[in-house]
Amino acid sequence: MITQMHVKGLMFDPYNNAYIVVLRDEEQSDMLPIWVGKSEAGAISMSLENVTPPRPMTHDFMKSFLDAFNAKVISVVITDLSEHTYFSKIHLMYEDSEYTVDARPSDAIALALRSNAPVFANNSVITKQSSEELEQWLENLKPEDFGKLDS
Amino acid sequence: MNTVDQPNEQSLVEYRVDRILEEANTDTRIVVLARQDGVLDTFPIWVGAAEGNAIKLALDTMITPRPMSHDLIKSFAEHLNITIQRVVITDVKSSTYYATVHVANKGLERTIDSRPSDAIALALRAPCPIYITQDVLKRRSTTNLDAWLAKLESKDIGAPEVQET
């Protein structure tokens, strides 16, 4: 079973000096926080804020690479969580065949946002209410904490 | 689809990545390309830290536990049978270099607009040759560049700055 997730925003995690991509399902009942590096967060942030950089950034180039041969991103699935690392797959359609490519969630999400492709998560990896502590922390965050990067 | 005027093959000069330099106290890396046809020449390109690291990982043939962004692009190429033929640094405008990545699939050739850093990071992984057009070589700014590079190299690059006492 997979559930469609929406990229709700990005936050800075001062404790780990990293960024968190927050995914939530339609009903806002399930949440998936994914820790990513600064440049990966930047790639996601640019899409969320509809920023068009003067030159193509890496994931814009990635999209152009697929566009050059009319390969389409159908969907992205966060498939697994193992030793604090999330795994994901990018599903591509190219000349009537489907291809599944292993990727880090940060790359997969940055590409999905640029391709208007849906992001799904395997139900097995969705953080249920077990992460209450994190939920509480997220709820205490101010809207200003979301979405902006300092670079 | 971004198409750039196809440079005349005659006008292309092959370079390879010689090394990556770190600029102390900045978020910048310098990718130093070295000319391959016997003429002694280096060509520095300033890139961001993340872009420099993406190139360095490939230069040092480091295998990361998870695929990095340019590994993913290479993986797309492998899955879809796309050949990455060459990358070319084609233009320079207001101190910004422009590059194209030449790809082919079943005889169909495409040219993709890119930043030099992405093109080079991909070229090292493909692997495929890196070219600079004669036009760019002519138009690059060489003022004090060699002296500046020599000064940089005389320092211990990559080591943390030593506090003078």
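Above this text is the structure in question.
Residues numbered from 1 in each chain as written. Chains lettered and ligands numbered in written order. Predicted model: local features only at pLDDT ≥ 70, side-chain atom pairs only at ≥ 80, totals over all residues. Heavy atoms only, no water.

> Pulling in residues and values, what's your account of the sheet that holds strand E3 (residues 42–48) of chain B?
What links the strands of a sheet is backbone hydrogen bonding, and the strands pair in either a parallel or an antiparallel sense. Residue and element names in this part refer to chain B. On the basis of which strands lie adjacent, the open sheet formed by seven strands has the order E3-E2-E1-E7-E4-E5-E6 and mixed pairing. Bordering the open sheet on either side are E3 and strand E6 (108–114), each of which pairs with just one other strand. Ignoring which end each strand starts from, the neighbouring axes of this sheet average 35° apart. Relative to E6, strand E5 (residues 96–105) runs antiparallel, the two being bridged by seven bridges. (Pairing = 2+ DSSP bridges. Helix = DSSP H or I, 4+ residues; strand = E, 2+ residues; numbered from the N terminus. Axes fitted to C-alpha atoms, helices over the stretch in contact; angles between N-to-C directions.)

> Residues and numbers for helix H3 (residues 116–125) of chain B, please.
Most of H3(B) sits out of view: nine of its ten residues are buried. Of the residues making up H3(B), those classed as buried are B:Pro116, B:Ser117, B:Asp118, B:Ala119, B:Ile120, B:Ala121, B:Leu122, B:Ala123 and B:Arg125. (Buried < 20%, exposed > 50% of the residue type's maximum accessible area, 1.4 Å probe, protein only.)

> With reference to specific residues and values, describe the pairing of strand E4 (residues 72–82) of chain A.
Residue and element names in this part refer to chain A. As paired strands, E4 and strand E5 (residues 85–94) are joined by nine bridges and run antiparallel to one another. Following the sheet pairing, Ser82 is matched in E5 by Thr85. In this antiparallel pair of consecutive strands, E4 and E5, the connection spans two residues, and Glu83 shows a positive phi of 50°. Where E4 meets strand E7 (residues 119–122), three bridges bridge the pair, whose relative direction is parallel. Bridge pairing in E7 links Val77 to Phe120.

> Account for the nonpolar core, with residues named and values stated.
One recurring pattern in soluble globular proteins: nonpolar side chains tend to sit buried together. By size, the foremost hydrophobic cluster in this structure holds 74 residues, and its most contacted members are A:Leu23, A:Phe65, A:Ile90, B:Leu33 and B:Phe76. Among residues more than four places away in sequence, those in contact with A:Leu23 are A:Met5, A:His6, A:Val7, A:Asp30, A:Met31, A:Leu32, A:Ile34, A:Ile78, A:Ile109 and A:Val119. (Core = buried A, V, L, I, M, F, W, Y, C linked by side-chain atoms within 4.5 Å. Contact = heavy atoms within 4.5 Å.)

> Can you lay out the interface of chain A and chain B for me, pointing to particular residues and giving the numbers?
With 31 residues of chain A at the contact, the number on the chain B side is 34 residues. Between chain A and chain B, the buried area comes to about 2,800 Å², and carbon and sulfur atoms account for 69% of it. For B:Lys106, the salt bridge goes to A:Glu95, with nearest N and O atoms at 2.5 Å. Along the contact surface separating chain A from chain B lie 14 residue pairs in polar contact (both at pLDDT 80 or more). Those elements that place two or more of their residues in the side of chain A that touches chain B are helix H1 (38–48), helix H2 (58–67), E5, strand E6 (97–103) and helix H3 (105–115) of chain A. Class assignment of the residues belonging to the side of chain A that touches chain B gives a composition of 18 nonpolar, seven polar and six charged. (Buried area = accessible area lost by both parts, 1.4 Å probe. Salt bridge = Lys/Arg side-chain N within 4 Å of Asp/Glu carboxyl O. Polar contact = N/O pair within 3.5 Å; in protein donor to acceptor, adjacent residues only side chain to side chain. Nonpolar A, V, L, I, M, F, W, Y, C, P; charged D, E, K, R; others polar.)

> Outline the packing of aromatic side chains, supporting the account with residue identities and numerical values.
Tallying each qualifying case throughout the model produces five aromatic pairs over all chains. With a centroid separation of 6.2 Å and 65° between ring planes, the pair formed by A:Phe61 and A:Phe65 is classed as edge-to-face. Taken together, the positions of A:Phe61 and A:Phe65, both in helix H2 and four residues apart, correspond to about one turn of that helix. Overall, the relative accessible area of 0% leaves A:Phe61 in the buried class. Judged by relative accessible area, which is 1%, A:Phe65 ranks as buried. Taking 6.4 Å as the distance between ring centres and 50° as the angle between the ring planes, the aromatic pair formed by A:Tyr94 and A:Tyr99 counts as tilted. Residue classification places A:Tyr94 among the buried positions, given a relative accessible area of 4%. Pairwise contacts between aromatic rings join B:Tyr15, B:Phe43 and B:Tyr97 into one cluster. In this structure, B:Lys93 is placed above the aromatic ring of B:Tyr98, and the distance from its NZ or CZ to the ring centre is 4.6 Å. (Phe/Tyr/Trp six-rings, centres within 6.5 Å; stacked < 30°, edge-to-face > 60°. Lys NZ or Arg CZ within 6 Å of the ring centre and 35° of its normal.)

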